[in-house]
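# Analysis of the macromolecular model
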Amino acid sequence: MQVTMTVNDVEVTREIEGRLLLVHFLRDVLALTGTHWGCDTSNCGTCVVLLDGEPVKSCTVLAAMAGGHAVRTVEGLAKGAELDPIQQGFMQCHGLQCGFCTPGMMMTARALLNTNPDPTEAEIREAISGQICRCTGYATIVRSVRWAAVHEAAAAARVTETTESAEAGEIADAGQPAGSVA
Ligand code: FES
Ligand code: FES
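These notes cover the structure that comes with them. Worth saying up front: this structure is predicted, and the values here are computed from it rather than measured. (Residues numbered from 1 in each chain as written. Chains lettered and ligands numbered in written order. Predicted model: local features only at pLDDT ≥ 70, side-chain atom pairs only at ≥ 80, totals over all residues. Heavy atoms only, no water.)

## Description of the pairing of strand E4 (residues 54–57)
- Here strand E3 (residues 48–51) pairs with E4 via four bridges, running antiparallel. Bridge pairing links Val49 to Val56 in E4.
- Linking E3 to E4, which pair antiparallel, is a turn of two residues; within it Asp52 sits at a positive phi near 50 degrees. (Pairing = 2+ DSSP bridges. Helix = DSSP H or I, 4+ residues; strand = E, 2+ residues; numbered from the N terminus.)

Here's what the structure looks like:
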């Protein structure tokens, strides 16, 4: 059968078997190997991607079911060369060691901040409770997500400030036509 979906903003169409799981479609058909496969029982969460913005375990979704939908993987998290605040947070706070759980962890964290930009430690722990990390003990992961929340909020405030001062500047300019002599 043929399936068409958008993956990281690019439309892809491929001939697949109906039984193919989304995690294998991403890894084996599209060579997007950032999404990992760590269990056979839907527990580990290392396969999490965003499906229309919602975190899903891609080992529990048939590729055919993603047809007509938008998938975002860890490879689509950064904007060009600029890392997503979540990625920066994991780097700054040492939220990873072997890195195997990291793509799924970061996609879930991204989804959390999209709906709750200022989560508490308890809310972060609840959000990532569907994902297993064998290396970090989770404390640095929680810190990484908090880092991202704080820095994302600060960046948003800077943009608002700049926009406001630009608008204020425009209003001031409007009162003084260009070239006029005071
Ligand atoms: S591979 Fe373990 S939950 Fe998907
Ligand atoms: S960093 Fe190794 S499993 Fe999480």
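What follows picks up the thread again.
## Focus: helix H1 (residues 22–29)
- Of the residues making up H1, those classed as buried are Leu22, Val23, His24, Phe25 and Leu26.
- On its buried side, H1 packs onto strand E1 (2–7), strand E2 (10–15), E3 and strand E5 (70–72). (Buried < 20%, exposed > 50% of the residue type's maximum accessible area, 1.4 Å probe, protein only. Contact = heavy atoms within 4.5 Å.)

## Considering the packing of helix H2 (residues 85–92) against helix H3 (residues 102–115)
- Direction vectors running N to C along H2 and H3 enclose 125 degrees, while the axes themselves pass 9 Å from each other. Classified by the angle between their axes, H2 and H3 sit oblique to one another. Judged by the sense of rotation from one axis to the other, the crossing of H2 with H3 is right-handed. Along the contact surface, H2 presents Pro85, Ile86, Gln87 and Phe90, while H3 presents Thr102, Met105, Met106, Ala109, Arg110 and Leu113.
- Split by residue class, the contact of H2 with H3 holds seven nonpolar, two polar and one charged. (Axes fitted to C-alpha atoms, helices over the stretch in contact; angles between N-to-C directions. Parallel < 35°, antiparallel > 145°, perpendicular 65-115°, else oblique. Left-handed = near helix turned anticlockwise from the far one by under 90°. Nonpolar A, V, L, I, M, F, W, Y, C, P; charged D, E, K, R; others polar.)

## Topic: unusual backbone geometry
- One non-glycine residue with positive phi stands out, namely Asn8, at about 50 degrees.
- Considering the arrangement of structural elements, one finds Asn8 in the loop between E1 and E2.
- Residue class for Asn8 comes out buried when judged on its relative accessible area of 17%.
- Look at Ser42: it is not a glycine, yet its phi comes out positive at around 65 degrees.
- Here Ser42 is to be found in the loop between H1 and E3.
- A relative accessible area of 33% means that Ser42 is categorised as partly exposed.

## Details of the nonpolar core
- Ranked by internal contacts, the top residues of the largest apolar core, which has 22 residues, are Ile86, Phe90, Met105 and Val145.
- Listed by contribution, the elements that provide at least two residues to this core are E3, H2, H3 and helix H5 (139–174).
- Among the elements that take part in this core, H3 stands out by supplying seven residues, more than any other.
- Beyond its immediate sequence surroundings of up to four residues, Phe90 is in contact with Gly95, Leu96, Thr102, Met105, Met106, Ile141, Ser144 and Val145.
- In this structure, Phe25, Leu30, Val49 and Val61 belong to the second largest nonpolar core, which totals 17 residues. (Core = buried A, V, L, I, M, F, W, Y, C linked by side-chain atoms within 4.5 Å.)

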